[in-house]
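# Commentary on secondary and tertiary structure
Here's the letter readout for the chains.
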Amino acid sequence: MARKFFVGGNFKMNGSVSSIKDIVKNLNNADLDPSVEVVVSPSAIHLVLVRDSLRPEIGVAAQNVYDKPNGAFTGELSVSQLLDSKIDWAILGHSERRTVLKEADELVASKTKYATENGVSVIWCCGESLEEREAGKTIAVVSKQLEALKAKVADWSKIVIAYEPIWAIGTGKVATTEQAQEVHKAIRAWLKANVSDKVAEETRILYGGSVNEKNCAELGKQADIDGFLVGGASLKPAFVDIINSSK
Ligand code: PEP
């Protein structure tokens, strides 16, 4: 089965009502490659605005979702709240949440399980720090993150994996095509060895880390790179060029 190319836009904690409306207008008016699945992820406060005004074929993702039903969890968003507002994607395990907010592998896996079992698809992020890469630990770090996910998740059909080396996020230091392909290939091999041939074949593995309209085409040609998770450049009109880069 051919894997549908996927481009996600992570707006992080950026944007005002006015600038988000401009981004939506730009995407609504753009000529987008219909063979690419696009999902954008605004801040929680802009989710409903974006969902209600964005063309329906573009998905909308929350940047977090909790692993419990509604209740006394101040500051969190529930799966049922997302679905009630027609938001059926979430980004989980982004390195900014793993490092700044100290989310452990187990919590990320638990939230991924709860979301996917209850109707929300997940862009699940993994990746190593610069120190870990320099120590030759990249594959071991990513494998450990995948193992924690596998311990909780049985159905992988609602999961898209984003490999995001921390040293490449927001730094302008993009991984080389060889560095990215090497890790993507290792992730697919891990899925084959530890989950199933089918999951290895069908799961989209995105690259994230300083992707822009200039470097995306080469990265997108690699055998195991099935798309991108784009941060900074997703706030700019050139996001459209990244979406269309595999044309
Ligand atoms: C991200 O936040 O997921 C990301 C990859 O950011 P940037 O593209 O800005 O490096």
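Below, the structure is looked at part by part.

Here is what the cut-offs are and how they apply
Residues numbered from 1 in each chain as written. Predicted model: local features only at pLDDT ≥ 70, side-chain atom pairs only at ≥ 80, totals over all residues. Heavy atoms only, no water. Salt bridge = Lys/Arg side-chain N within 4 Å of Asp/Glu carboxyl O. Buried < 20%, exposed > 50% of the residue type's maximum accessible area, 1.4 Å probe, protein only. Helix = DSSP H or I, 4+ residues; strand = E, 2+ residues; numbered from the N terminus. Pairing = 2+ DSSP bridges. Right-handed = clockwise from strand over helix to strand, strands pointing away. Expected span 1.5 Å × (residues − 1). Polar contact = N/O pair within 3.5 Å; in protein donor to acceptor, adjacent residues only side chain to side chain. Near = heavy atom within 4 Å. Areas by Shrake-Rupley, 256 points an atom, 1.4 Å probe, with all protein chains shown as cover. Nonpolar A, V, L, I, M, F, W, Y, C, P; charged D, E, K, R; others polar.

### Quick notes on the pattern of salt bridges
- Within the structure shown, the criterion is met by 18 salt bridges.
- We note a salt bridge from Asp 67 to Lys 68, for which the minimum N-O separation is 3.1 Å.
- Salt bridges here are not isolated pairs; linked through shared partners, they connect Arg 3, Arg 188, Glu 201, Asp 224 and Asp 226.

### Topic: the pairing of strand 4 (residues 89–92)
- Here strand 4 shows two buried faces, one formed by Trp 89 and Ile 91 and the other by Ala 90 and Leu 92.
- In this structure, strand 3 (residues 59–62) lies alongside strand 4, joined through 2 bridges in parallel fashion. Each bridged residue has a counterpart across the sheet, and for Ala 62 the counterpart in strand 4 is Ala 90.
- Since strand 3 and strand 4 lie parallel, the crossover through helix 3 (residues 79–84) that links them has a hand, and here it is right-handed.
- Judged from the 4 bridges that link them, strand 4 and strand 5 (residues 121–126) form a sheet pairing that is parallel. Each residue of the ladder has a partner; that of Trp 89, found in strand 5, is Ser 121.

### Overview of unusual backbone geometry
- Not every positive phi belongs to a glycine, and Lys 12 is a case in point at roughly 50°.
- Here Lys 12 lies in the loop between strand 1 (6–10) and helix 1 (17–29).
- On the accessibility criterion, Lys 12 (18% relative accessible area) is buried.

### Considerations on helix 5 (residues 105–117)
- Spanning 13 residues, helix 5 covers 18 Å between terminal C-alpha atoms, matching the ideal 18 Å at 1.5 Å per step.
- Listed in full, the buried residues belonging to helix 5 are Asp 105, Val 108, Ala 109, Ser 110, Lys 111, Thr 112, Ala 115 and Thr 116.
- Remark: Gly 119 follows helix 5 within two positions and exhibits a positive phi of approximately 105°.

### Digging into the side chain of Asp 224
- Within the fold, Asp 224 resides in the loop between helix 10 (216–220) and strand 8 (227–230).
- Of the residues examined, Asp 224 reaches a relative accessible area of 10% and is grouped as buried.
- A distance of 2.7 Å separates polar atoms of two side chains, one belonging to Asp 224 and the other to Gln 181.
- Within the structure, Asp 224 has its side chain in polar contact with the side chain of Arg 188 (distance 2.6 Å).

### Digging into the pairing of strand 3
- By the alternation rule, side chains of strand 3 split into Gly 59 and Ala 61 and Val 60 and Ala 62, which are all buried.
- In terms of strand pairing, strand 2 (residues 37–41) meets strand 3 through 2 bridges, oriented parallel. Across the sheet, residue Val 40 finds its bridge partner in strand 3, namely Val 60.
- For the segment spanning strand 2, helix 2 (residues 47–53) and strand 3, crossover handedness is right-handed.

### With respect to the site of the ligand
- Of all residues adjacent to the ligand, which total 14 residues, the nearest are Lys 12, Glu 164, Gly 170, Ser 210 and Gly 231.
- Glu 164 has a polar side-chain atom sitting 2.7 Å from an oxygen atom of the ligand.
- Here an oxygen atom of the ligand sits 2.6 Å away from a polar atom, N or O, in the main chain of Gly 170.
- For the ligand, whose accessible area on its own is 290 Å², the fraction buried by protein is 95%.
- The residue inventory of the shell around the ligand, partitioned by class, reads 4 nonpolar, 8 polar and 2 charged.

Honestly, that's just the spatial picture; any functional story needs more than this.
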